[in-house]
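# Overview (structure and organization)
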Amino acid sequence: MTVKELFQSVGFDNLLKALQNTHRNDRSIGTTVAYKQAFDEICLTEF
């Protein structure tokens, strides 16, 4: 399974919940725009 396939099966909302849980003390999780951009870029990339 590729990262793209994993992301597509999980979805961004579930990924974001996991990030917020595992990185709750990290300031970077406050703004999720960069995470969403990276998620979309990976999902749109053709390998």
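An account of the accompanying structure is given in this report. A quick note: this is a predicted structure, and the numbers were derived from the prediction, not measured.

## Points about the overall build of the protein chain
Counting its secondary structure elements, the protein chain contains 3 helices and 0 strands. Along the chain direction, N to C, the helices and strands of the protein chain fall in the order α-α-α. By the burial criterion, 17% of the 47 residues in the protein chain qualify as buried. Carbon and sulfur atoms make up 55% of the accessible area of the protein chain, which amounts to about 3,900 Å² in all. Seen as two clouds, the 5 positive and the 6 negative side-chain charges of the protein chain have centres 10 Å apart.

## Description of the packing of aromatic side chains
Summed over the entire model, instances satisfying the criterion amount to 2 aromatic pairs. Between Phe-7 and Phe-39 the ring centres are 5.1 Å apart and the planes differ by 20°, which places this aromatic pair in the stacked class. You can see Phe-7 sitting in helix H1 (residues 3–10) and its partner Phe-39 sitting in helix H3 (residues 33–44), a full 32 residues away along the chain. For Phe-39, a relative accessible area of 8% corresponds to the buried category. The ring of Phe-12 has Lys-36 sitting right over it, with the charged end atom 5.1 Å from the ring centre.

## Observations concerning the side chain of Lys-4
Residue position: Lys-4 is located in helix H1. A distance of 3.3 Å separates the side chain of Lys-4 from the side chain of Glu-46, its partner in a polar contact. With residues up to four places along the chain from it excluded, the contact list for Lys-4 reads Ile-42, Cys-43, Thr-45, Glu-46 and Phe-47.

## Digging into the packing of H1 against H3
Across the interface, H1 lies against H3 with an axial gap of 9 Å and an inter-helix angle of 115°. Two packed elements cross with a definite hand, and for H1 against H3 that hand is left-handed. When H1 is examined against H3, the residues Val-3, Lys-4, Phe-7 and Gln-8 are found in contact with a partner set consisting of Phe-39, Ile-42 and Cys-43. Considering only residue class, the contact of H1 with H3 consists of 5 nonpolar, 1 polar and 1 charged.

Parameters and conventions
Residues numbered from 1 in each chain as written. Predicted model: local features only at pLDDT ≥ 70, side-chain atom pairs only at ≥ 80, totals over all residues. Heavy atoms only, no water. Helix = DSSP H or I, 4+ residues; strand = E, 2+ residues; numbered from the N terminus. Buried < 20%, exposed > 50% of the residue type's maximum accessible area, 1.4 Å probe, protein only. Areas by Shrake-Rupley, 256 points an atom, 1.4 Å probe, with all protein chains shown as cover. Lys, Arg positive; Asp, Glu negative; His and termini not counted. Charge placed at Lys NZ, Arg CZ, Asp CG, Glu CD. Phe/Tyr/Trp six-rings, centres within 6.5 Å; stacked < 30°, edge-to-face > 60°. Lys NZ or Arg CZ within 6 Å of the ring centre and 35° of its normal. Polar contact = N/O pair within 3.5 Å; in protein donor to acceptor, adjacent residues only side chain to side chain. Contact = heavy atoms within 4.5 Å. Axes fitted to C-alpha atoms, helices over the stretch in contact; angles between N-to-C directions. Left-handed = near helix turned anticlockwise from the far one by under 90°. Nonpolar A, V, L, I, M, F, W, Y, C, P; charged D, E, K, R; others polar.

Remember that the coordinates give geometry; whether it matters functionally is a separate question.
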